[in-house]
Every structure is written in C-alpha cells, then in structure tokens.
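Given next are the chains, with one letter for each unit.
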Amino acid sequence: MDSGWLVPLSLVFGVIVGAGMVAIIVAAAQRGQRAVDVVSSAVPDGIDQVIDALESAGVVLDPSNNVVKVSPGALAFGLVSHQSLVHPELVKLVDRVRRSGESITEEVHLARGPFGDANLYLFVRVARLGARYILLLAEDRTEAYRLDDVRRDFVANISHELKTPIGAVSLLAEALSFAADDADQVRKFAKRLTKESERLSRITQEIIELSRLQAADALAKPELVAIDHVVALAIDQNHVAADASAVQLVSGGDAGATVYGDESLLVVALHNLIANAIQYSPGKSRIGIGVSNVDGIVEIAVTDQGVGIPEDDLDRVFERFFRIDPARSRNTGGSGLGLSIVKHVAHNHGGDVRVWSQLGSGSTFTIRLPEAAPAPATTGEDT
C-alpha cells in the first residue's frame, strides 16, 4: 500500500475509536445515573415539605415498605408504628401499586388502634412517587358513616331521659303555685325545683357531649398530649369533692407518657372516673390514680376502696344511662352518662376502657391508649 495513505487512514481510525470510547463512557454514565436514581435514599425534592403541611394522613414508603416520611395525621390515626404501616389492608394496596404501577383509590375500614372496638373509615389513594417510592394519602370519612346512628341515638336518648326531670319540674311548679301562701313550702319546693333544673341542665350537656364524641369529629386535629398533665388537671378538678367526702386522692406510676389526641376530652374522661370513685367510696378511704407505660400501651388506672360492682352489672356499666344504684344516682344527680363518655373518649383515641371489681373491695377502671409513636427520621439527604 502506498505509504501516503497510511497517515489519513490512521487519523480516520483514531477518530472512529475515540468516538466509540466517548459513546461507551456516556452510556455508562447514564446507566450509572439511573442506578443512582433507583437506589438513592433521598426523597424527591419538595415531598418533605408537602407531607409536613398535610392535615390529612400522608405516608411515603421505600421499596422495602419502610416508612421514610409520615405526616402528623398518619401518626394520630395510628397508621404508622416503628417505621412500618400498621394495617395489612394498607400494605396490600401499596404492594398492588408497586406491582402494577397504576394508582389506586379505595375506601377502607380499619381498626382505630391496636385494641378497642373503634373503627376508621378512610378514603385512601396510593400512587408511585418517582422510580423508587410509593405515596399513600388517606382522608378520614368516619363521621359520614356514623352520623345517622348518632342522630337516632340522640333522639331516642333525649326523649327517654329528659321526660323524668321535665315532668318533675312541671309538678313542682304546679305545687309551688298552690303553696304560694306558705313560705316554708315555697322554700322547700323552690329548693327541689332548683335541684331538678340543675339535673336537667347536666343531663342535656352530657347528652350533647356524648353525641359529639360519637360523631367522630372530636379528634379533627389531634395533638401530642402529656398524660402527666391530664392526671394533674383531673385530680385538681376533684379535690373539693374528695375533701368534702374525706377521701384521699393519690397519684403515681410512670412519668412522661404521651399520646395523640385531645387533652380536654382525656381530662373529662379521667375526671368522670375519679368523680365516680369518690361517689362510691366511704369516708377516710383512698383513691389511687396510676399511670403505666409498657410496650407502647399507656394505661391510666383509677382504683377505689368502695362498695364494688355486682358481677352481673360489669358488662353494662358503660351503657348509656345505666345506673348501678338508681336511688344513689337520684340523690347525687347522676345521669348515667359518665362512664359512657369515658368509653367513647377512649375509643376515639384508639384505645379502650376496662373494669375490675369485687363487691365490698372496690373497683379499678383502666383507660388504655396507644403511646404516641415518634416520627421516623427521613433517611434521605436534606432538600
């Protein structure tokens, strides 16, 4: 071959080889970037801020179904614990989206907490979030399912229970008019009339409170609640009644427990338990209020040394308007709604309430609530 062609052929061959090497390097870099995108633990830009701003429940999961980001609403509903989804129903939805790649929108029926009978009805949407993550959004629809039942219960309860004090007020007013010339009778009937009107007002207020609890909107904005503060407030509200009955209130147990919920409602529930204990305790006895925090369950127990509850009545004490001793309830103005309110407060917080009692030895009522789970730390880089 003519040596004059060697130089141009060498140059052409060098250009071809160089271009091939550049193409190989670029392709390798692109594949490497795609691999980084898949295995990177960083949540896509802006997702952290969006999840933090959500009022509804929002959860971001990685390919192993570990929760890498969660909104306060999801924690309050008890959907996440120990960086995992609690409910198998939600895990199945996430797995379906991961396999198909298509978004899913469904209504699901879930237990509100790890124990108790309260339920959640959630409108859930699950979708892919980039190449790696799954986004789950849940909106609470529980109130819509309960509203009809609440209305029926309210009408039935109010018509049954209010007729007695209303009838008493009517009769006393009539008797008062006939005894207008007898000052002693007027004072007697006026005192009875005041007592019945106060009872009527108390029953009405408790029916309204119970209906609000059953409507499932009581925890529209759950917050972190310190149980120590709840116990302190409830004891303070009952000190006057305890002193009047010569009953000592003693508190103790594990300190620092927290739950998600409404502090004022939890105070009402514990106040009702302490007030009941005072009502049924003899003078110079003790009432203990103890807190236990074990294995993610916060228990608040109220123990008295009172008359106790018959075994046949233990299953009914949380029914609306049920009274163990109707005569005592009439004398003290009890409505029979206090323990029912306690039950619904516990259920709305994802927990339950239990009772142990023995005649002549006293009773122990225990509110059990799921401990507030800490928010999982985001595993990705800060955005």
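Every value quoted in this text rests on a predicted model; they were computed, and no experiment measured them.

Cut-off values and rules
- Residues numbered from 1 in each chain as written.
- Predicted model: local features only at pLDDT ≥ 70, side-chain atom pairs only at ≥ 80, totals over all residues.
- Heavy atoms only, no water.
- Helix = DSSP H or I, 4+ residues; strand = E, 2+ residues; numbered from the N terminus.
- Expected span 1.5 Å × (residues − 1).
- Buried < 20%, exposed > 50% of the residue type's maximum accessible area, 1.4 Å probe, protein only.
- Arc of directions from axis to C-beta.
- Contact = heavy atoms within 4.5 Å.
- pLDDT = per-residue confidence, 0-100.

Considerations on helix 4 (residues 88–100)
With 13 residues, helix 4 ought to run about 18 Å at 1.5 Å a step, and its terminal C-alpha atoms sit 18 Å apart, in line with that. When we look at burial in helix 4, the residues that qualify are Leu90, Leu93, Val94, Val97 and Arg98. Angular distribution of buried residues about the axis of helix 4 spans 135°; they occupy a single face of the element. The outward face of helix 4, more than 90 degrees from its buried face, is lined by the exposed residues Pro88, Lys92 and Arg99. Looking at the buried side of helix 4, the elements it contacts are strand 1 (57–61), strand 4 (84–85), strand 5 (104–111), strand 6 (119–129) and strand 7 (133–140).

What to know about the confidence of the model for the chain
Averaged over every residue, the pLDDT of the chain is 79; the share at 70 or more is 72%. Mean pLDDT in the chain bottoms out at helix 10 (residues 326–332), which sits at 49, and peaks at strand 12 (residues 297–303), which reaches 96. With pLDDT under 50 throughout, residues 35–41 is counted as low confidence; its partners more than four residues away or in other chains account for eight contacts.

Digging into the environment of Val268
Turning to its location among the elements, Val268 is positioned in helix 9 (residues 263–279). Residue classification places Val268 among the partly exposed residues on the basis of a relative accessible area of 31%. In this structure, the C-alpha to C-alpha distance between Val268 and Val230, residues 38 residues apart in sequence, is 9.1 Å.

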